[in-house]
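Letter by letter, the chains look like this.
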2 protein chains.
Amino acid sequence: MDPKQLLKEHVAKTVKLSDDEFDGFFDCFTTKSYKKGAYIITEGDRIDCEYFVVSGCIKTFYINDNQKMFVLQFAMPGCWASDYSALYNGTRATINIGCITDTELLCLSNKDRENACKKFHQIEHYFRARMTSEYVASQKRLLSTMNNDVKYRYEELITLFPELFNMVPKRLIAAYLGVSRETLYRLNNS
Amino acid sequence: MDPKQLLKEHVAKTVKLSDDEFDGFFDCFTTKSYKKGAYIITEGDRIDCEYFVVSGCIKTFYINDNQKMFVLQFAMPGCWASDYSALYNGTRATINIGCITDTELLCLSNKDRENACKKFHQIEHYFRARMTSEYVASQKRLLSTMNNDVKYRYEELITLFPELFNMVPKRLIAAYLGVSRETLYRLNNS
DNA sequence: AAAAAGTTGTGATTTGCATCACACAATTTC
DNA sequence: GAAATTGTGTGATGCAAATCACAACTTTTT
């Protein structure tokens, strides 16, 4: 799908922008393509951008001291991703973002976002709404992690994003659910 | 501490408002006092407000089908709390908020917040910044839950909020960490 | 001040999941 | 298309934490 059109429709769900306003906003973005397996952000990087997924699928993840991976987010077309802690505090990335498939992104720099938010009240409103819903989703996931068993959460995830079932290795789904791949596998026979 | 002053200082950390602007904003708030043990929000309620804690301590929590409690947040003076999912989507509360000690709150209705955000760009900016940092904190907690053992997370919590150690029952701290109170107790001798 | 309610200390038992280990299948790479 | 890498199925073993059970201590209520 056309990147501009995808973003436009996505923004329009929250705020009404005139064509001119949206064009001005869209001019802040640059397009980038990555191959499967490529890193978009590596731990320790200085972060300058947040990313809007146009096509493909990316993962946001953390690797601990024992090389164990934890997946924070799978981002599909229409999703945003970055290391927001690093982006907003100007610190170095503590997480990684990598491509699960070939991926096309729109990149928005922190500076351009803040300028756009300052210039257009509606755009600030859009980003506030987005952050609110990310926060709510994150709280919901935390609660589900504490409250529900692995099987339930696996089914919850696949129901929410059926594409994931075939698109990403089970290993990564286990790393999202916070269990070993063996445990995830054994859910089938239980 | 004076509620108005506390809120003013809190807002000033993020945005510069003139005294008149702040006064206008503050007029949207109402003050409420609660006794220890009282409920501010009960599951199933229609939610109209978010709350800024002036004094005391409150807990945001969920009770599952087996009557097990999960604490999502301890809110101390200077913190905000509500069921944001219910507040923004107009749905019924799925969580509870209750008072751990006698508590004084400032209440801001959803409507008043949205009006203030519309009227004053700076206020919208304040709420965006707030939501961003809540989102970052929530992600960080999720990651810590998956990555670190209970003992580490307990110490992390007490380091961040030393007041909690004496102010809230260990039972509730266990419910925050997602373990049984027995497990929390046994950390001392291990 | 007595009774009731809530909180914490401590043992015994069970269980879900991690870890280790290895074979086989699928997918990349050259 | 052969070799290398990555992913998946499956068993055996061990441990951390849940659950149950109950006594002791604290705080609240009347």
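Residues numbered from 1 in each chain as written. Chains lettered and ligands numbered in written order. Predicted model: local features only at pLDDT ≥ 70, side-chain atom pairs only at ≥ 80, totals over all residues. Heavy atoms only, no water.

(A) Representation of the packing of helix α4 (residues 110–119) of chain A against helix α5 (residues 121–147) of chain B. Here α4 of chain A crosses α5 of chain B at 145°, and the two axes come no closer than 10 Å. Every residue of α5 of chain B that contacts α4 of chain A at R113, E114, C117 and K118 of chain A is listed here: H121, H125 and R128 of chain B. (Axes fitted to C-alpha atoms, helices over the stretch in contact; angles between N-to-C directions. Helix = DSSP H or I, 4+ residues; strand = E, 2+ residues; numbered from the N terminus. Contact = heavy atoms within 4.5 Å.)

(B) Geometry of the protein's contact with DNA strand C. If you check the shell around DNA strand C, you find 16 residues, and the closest are K36 and T183 of chain A together with R171, R181 and Y185 of chain B. Protein-adjacent atoms of DNA strand C, using a 4 Å cutoff, are sugar or phosphate at a proportion of 51%. The backbone of K170 of chain B places a nitrogen or oxygen atom 3.2 Å from a phosphate oxygen of DNA strand C. R181 of chain B places a side-chain nitrogen or oxygen 2.5 Å from a base oxygen of DNA strand C. Within the residue set of the surface near DNA strand C, elements represented by two or more residues are α9 (181–186) of chain A together with α8 (170–177) and α9 (181–186) of chain B. Across the surface near DNA strand C, the residue classes tally to four nonpolar, three polar and nine charged. (Near = heavy atom within 4 Å. Polar contact = N/O pair within 3.5 Å; in protein donor to acceptor, adjacent residues only side chain to side chain. Nonpolar A, V, L, I, M, F, W, Y, C, P; charged D, E, K, R; others polar.)

(C) View of the protein's contact with DNA strand D. Among the 16 residues in the neighbourhood of DNA strand D, the closest are listed as R171, R181 and Y185 of chain A together with K36 and T183 of chain B. Counted by atom, the contact set of DNA strand D within 4 Å of the protein is 51% sugar and phosphate. Here a phosphate oxygen of DNA strand D sits 2.7 Å away from a polar atom, N or O, in the side chain of R171 of chain A. At 3.2 Å from a base nitrogen of DNA strand D is found a side-chain nitrogen or oxygen belonging to R186 of chain A. Looking at the surface near DNA strand D residue by residue, the classes come out as four nonpolar, three polar and nine charged.

(D) Quick peek at the interface of chain B and chain A. In this assembly, 33 residues from chain B lie in contact with 33 residues from chain A. Where chain B abuts chain A, roughly 3,300 Å² becomes buried across the two surfaces, and 65% of that area is made up of carbon and sulfur atoms. Taken as a group, R128, Y135 and M146 of chain B account for 23% of the area that chain B buries against chain A, more than any other trio of residues on that side. Applying the counting criterion to the chain B and chain A interface returns four salt bridges. For R128 of chain B, the salt bridge is made with E114 of chain A, and the minimal N-O distance between the two is 2.8 Å. Seen at the junction of chain B and chain A, the total is 15 residue pairs in polar contact (both at pLDDT 80 or more). (Buried area = accessible area lost by both parts, 1.4 Å probe. Salt bridge = Lys/Arg side-chain N within 4 Å of Asp/Glu carboxyl O.)

(E) Structural view of the sheet that holds strand β7 (residues 96–99) of chain A. Residue and element names in this part refer to chain A. If you walk across this open sheet you meet the four strands as β2-β7-β4-β5, and the pairing is antiparallel. Sheet topology places β2 (39–41) and β5 (69–75) at the edges, where each strand pairs with a single neighbour. If you compare each strand with its neighbour and ignore which way they point, the axes differ by 30° on average. Looking at chain direction, strand β4 (residues 58–63) and β5 are connected through six bridges and run antiparallel. Of the residues in β5, the one forming a bridge with F61 is V71. Its contacts with the sheet put helix α8 (residues 170–177) on β4 and β5, and the angle it makes with β5 is roughly 100°. (Pairing = 2+ DSSP bridges.)

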